[in-house]
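# Chain and residue survey
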Amino acid sequence: MPATDYQGVSASFTNFGRSILSIRRDQVHSMDSSNHGATSQELELEAFQRQVAERFRDLSSVDSNELLSVSWIRKLLDVYLCCQEEFRVIMFNNRGNFNRAPSDRYILEFFERSVKALDVCNAIRDGIEQIRQWQKQLEIVLCALDNQRSLGEGQFRRAKKALIDLAIGMLDEKDSNTTLAQRNRSFGRSNVNKDHKSLGHFRSLSWSVSRSWSAAKQLQAIGINLVAPKANEIMATNGLVVAVFTMSYVLFFVMWALVAAIPCQDRGLQTHFYVTRQFIWAVPILSLHERILEESKKRDRRNACGLLKEIREIEKCACQMNELTDSVQFPLTEDKEVEVKQRVKELGLVYEAVKDGLDPLECQVREVFHRIVRSRTEGLDSMGRANTHQ
Amino acid sequence: MAENGEEKLIQMARHIAKTLGHTDNMTDDILQIFSNFDGRFREKLSEKLSDEDSRSFAALEQTLKSLDRQISRYVSAGHPIWSDSADSSSFLDSVDELIGLIRDWTPMSGEKNVSACLDRAEDLLQQAMFRLEDEFKLSMERGGESFDVTRYHNGESAHPSYSSDSEDQDKDEDDEIPVAHPISDYNIIIDALPSGTINDLHEIVKRMVAGGYGKECSHAYSSCRREFLEESLSRLGLQKLSNDEVQKMQWSDLEDEIERWIKAANVALRILFPSERRLCDRIFFGFSSAADLSFMEVCRGSTIQLLKFTDAVAIGSRAPERLFKVLDVFETVRDLIPEFEAVFSDQYCLFLRNEAITIWKRLGEAIRGIFMELENLIRRDPAKTAVPGGGLHPITRYVMNYLRAACQSRQTLEQVFEESVAPPSAGDYRKMEDRSLSSSSMSVQIAWIMELLQSNLEAKSKIYRDSPLCSVFMMNNGRYIVQKVKDCELGSLLGDDWVRKQMAKLRLYHVSYQRSSWSKVLGELKIDGHSLKEKLKFFNTNFEQICKTQSTWVIFDEQLRDELRSSVAGNLLPAYGNFIGRLPSSPEMGKQVERYVKYSVEDLEARINELFQGRGGLAGGRK
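Residues numbered from 1 in each chain as written. Chains lettered and ligands numbered in written order. Predicted model: local features only at pLDDT ≥ 70, side-chain atom pairs only at ≥ 80, totals over all residues. Heavy atoms only, no water.

- The name that an unreviewed UniProt entry assigns to chain B is Exocyst subunit Exo70 family protein, with the source organism given as Ilex paraguariensis.
- Among the UniProt annotations of chain B, the heading Sequence similarities (unreviewed entry) holds the following wording: "Belongs to the EXO70 family." (UniProt positions renumbered as here; feature names shortened; annotations may be inferred.)

- As stated in UniProt under Subcellular location (unreviewed entry), the record for chain A gives "Membrane".
- Its UniProt record gives chain A a comment under Sequence similarities (unreviewed entry), which states: "Belongs to the ROH1 family."

Laid out in structure tokens, this is it:
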């Protein structure tokens, strides 16, 4: 599904999502001439499609160097929360209609996908904690090299050690499966060799999910059977299933993007992503998907433990700093000292960005978790109640 | 004196310049400014090191050399320094001296020679710090090894938890299963590390913080303890389950998991976390911020793991049978909230405490959701097949026993229903609210469920074609409901009024049974103008028919059965006795009485006593 595939035809399809509803309305009207003009429900559903599309269009207008930055991810989560909120209102306003086929199946499937998304949220939270551990190593590097009276071998050794620990930490992430296998050893660890121990230092930060858990599989499970509703289903539900499908798709995409950006167990982005471009929001979402996928295929990103812009910056800074620490000789030449100061300054900026970004990001991921739970609970409650009034 | 004063002034100026100037250039600039300020300074300030300075500089070199010798010996030692207390204290002394030396001389680092010495000193410091870090980790690990997690220390004496302080809880479990034995007394604190080790670690912490290596130290500490906690939790049998896995679990497996979780949560919050807190406070004594941060790092993962499971339970299926286990989880979290508050009170841990509270509330929602599901099940229970003989319907038995069991957790449930801010849908509850403004949300809830049950039963009674059988069915179920309510918490929740009302309803069904079943037959026994012979014939046939039918009906409750029989007898026997007493004097019957009277009064009574026996194996219910 190359990018041009849909961009070429996007214009003609941009308003298709609306037109589905309009066509249906026309048909309804031709059958029932007493009803003129769009009902408030129809207007609401159309507005939802439009708002989702607008939000994602806004998200997709991001610069390529800001794509997948912490601030962009936060914006993405904001978008999710807004969509969820609007969808909640739709659920509330149509609470009597979700008990009938095929709406009931759509909404129950959406709730199932939601539960699966909760696991992704948890995994992402672990991933954020993982980045925080790297941030600690950066902090030590800064501590060693920033604002020192003079830069001696001692400071460099200290920085170097933190950089190595950082590299092990980031490596551990990439093939966590192999290292994790050694984790569950018993209390008696009398004969641990030195190397092993230094690794143990990092392995201790565990995922709170079982070892077999896989983000890739979870995404697949969220995306399974996620196909656009058929025309007759749309008719039968006055377009309600379109809203559920839209929300399901938004959920799916947001979870996928989180997994793309943030370290988690067994990341894999090869989830099948397809949606007909008849929905006005499909174009921006698919374009984002394409861009993120391309990012993941870049040579320097292929083995990354997360596509988050800040992770790339940590890697870049750490790598440069590593080379620098390997190349320095003492006493430092003036040129070297200037270079070191420059690198330290850059590292400081990365550190600050990570430090300031992670806490609010984690809060937001938590918020998404809570909202998903709440919306699901409300949905189930109102369905239960509606059932009993029949 | 004047000379001396000037000397001091110049020293002061030099010192100020060095302190203010971050770099040599800046220091020079500042000295320049001082020189320009007063010409007399110029000469003095630009002088080479004074004699005194060079003397003390020589001392610095000397000290550094000797520290280098001592420290390097330890840094390169092939065995743990802390295996010998003389070694460790001498090493610490040297480190102290080195840190002091750096601190004292840093203000003078403007001097080239001093600066070079400081470089060497800092280099040495770094080596010493790395070694300290290694020793720190080693002591942590060794201390940890000496501690067996299945043995909890209780005050002075160490003994296995499964001895005296746990009661009958523990069966003789196979010792090979690597799961900690259940304990009942949580009021114990583990010393996860021997006291000596704790002191050693604290001494190292002091030096590492003083040397500016506090972060490394705290990191090493947290990593090690975190691992210990995680291993402890997994020894308590706690698995790392995702929401998805929990949803897919068999309920019976999940029940076992919940049992394990409850134990693990109690052990974690009442023993492990406070023990960690104490350990952390002792090792980082004097560095409260480092202690708080390290403690959070230690407990974060385990706490999140514990709470995550609760989340998964809370969003799980709302099948009513899950109520009791979810209540257990709710109560566990509720009872642990004070522990959460005590142990996670500092700024870094606050979010863990808040999360516990959020999840506790969510469990309350889950419980309300389960009740809602119960309501739905009652309402939707179809009236397809009639219970034979108008006996007790399974739904009545299910709901009543369910509610009785639920009411054993009355206090908790009251709390749960009190929590729900507003009834989600006014329509459902308004009626109830009007009626019982003073009663608790839980009474409202229970009364509402009873109403749903009764209207469901009424709907079910309609499928009996026989109208007296409808009444029998309603009496049976109504009787059962009242009995189940009377002698337990349900009674006090629903109130005496409610019970009286139900009794009144039961009497109405009784009357309605009498009327629909017997009034016609009874009418035949009235002496009026009609043929007595016909009347008697009619009576016999009908009575026969009714007895035949109603002997297959069921009244499960003996007392009710007796009441019903005796009320039938009480109406029928006198009328019948009266009727047949009149027969001999009637011209129509005369001597033929014997021929037409099929039943004596006694016969009739015997037949009545055969009613409601549920004959034909169609017993309506075991009690």
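## A look at the pattern of salt bridges
- A complete count under the given rule lists 64 salt bridges over all chains for this structure.
- A salt bridge links Glu297(B) to Lys136(A); the shortest N-O distance between them is 2.4 Å. With one member in each of two chains, Glu297(B) in helix H11 (residues 288–314) and Lys136(A) in helix H6 (residues 103–145) form a pair that bridges those chains.
- Owing to a relative accessible area of 8%, Glu297(B) belongs among the buried residues under this scheme.
- Overall, Lys136(A) belongs to the buried group, its relative accessible area being 19%.
- Between Asp326(A) and Lys160(A) there is a salt bridge; the shortest N-O distance is 2.6 Å. In this pair, Asp326(A) sits in helix H14 (residues 309–327) while Lys160(A) sits in helix H7 (residues 153–174), placing the two residues 166 residues apart along the sequence.
- Asp326(A) gets classed as exposed once you look at its relative accessible area, which sits at 57%. (Salt bridge = Lys/Arg side-chain N within 4 Å of Asp/Glu carboxyl O. Helix = DSSP H or I, 4+ residues; strand = E, 2+ residues; numbered from the N terminus. Buried < 20%, exposed > 50% of the residue type's maximum accessible area, 1.4 Å probe, protein only.)

## Remarks on the side chain of Arg479(B)
- With respect to the helices and strands, the residue Arg479(B) is situated in helix H18 (residues 467–486).
- Residue Arg479(B) is classed as buried on the basis of its relative accessible area, which comes to 11%.

## Quick word on the confidence of the model for chain A
Residues and elements named next belong to chain A.
- Averaged over all residues, the pLDDT of chain A is 82; the fraction at 70 or higher stands at 80%.
- Within the model, pLDDT remains below 50 along residues 1–21, and this stretch shows 35 contacts once partners closer than five positions in the same chain are excluded.
- Here residues 23–36 is modelled with pLDDT under 50, and outside its nearest four sequence neighbours on either side it reaches 11 contacts, counting other chains as well. (pLDDT = per-residue confidence, 0-100. Contact = heavy atoms within 4.5 Å.)

## A few points about unusual backbone geometry
- Cis geometry is adopted by the peptide bond preceding Pro102(A), which originates at Ala101(A) and carries an omega value of -5 degrees.
- Inspection of the secondary structure puts Pro102(A) in the loop between helix H5 (70–93) and H6.
- Following Phe330(A), the chain continues to Pro331(A) via a peptide bond in cis, the omega torsion being 0 degrees.
- Considering the arrangement of structural elements, one finds Pro331(A) in the loop between H14 and helix H15 (334–388).
- Phi at Asn238(A) is positive, roughly 55 degrees, even though this residue is not glycine.
- Within the fold, Asn238(A) resides in the loop between helix H11 (231–236) and helix H12 (240–261).
- For Asn238(A), a relative accessible area of 32% puts it in the partly exposed group.
- The backbone of Phe612(B) shows a phi angle near 60 degrees, a positive value even though the residue is not glycine.
- When you line up the elements, Phe612(B) lands in the segment after helix H23 (601–608).
- Overall, Phe612(B) belongs to the buried group, its relative accessible area being 1%.

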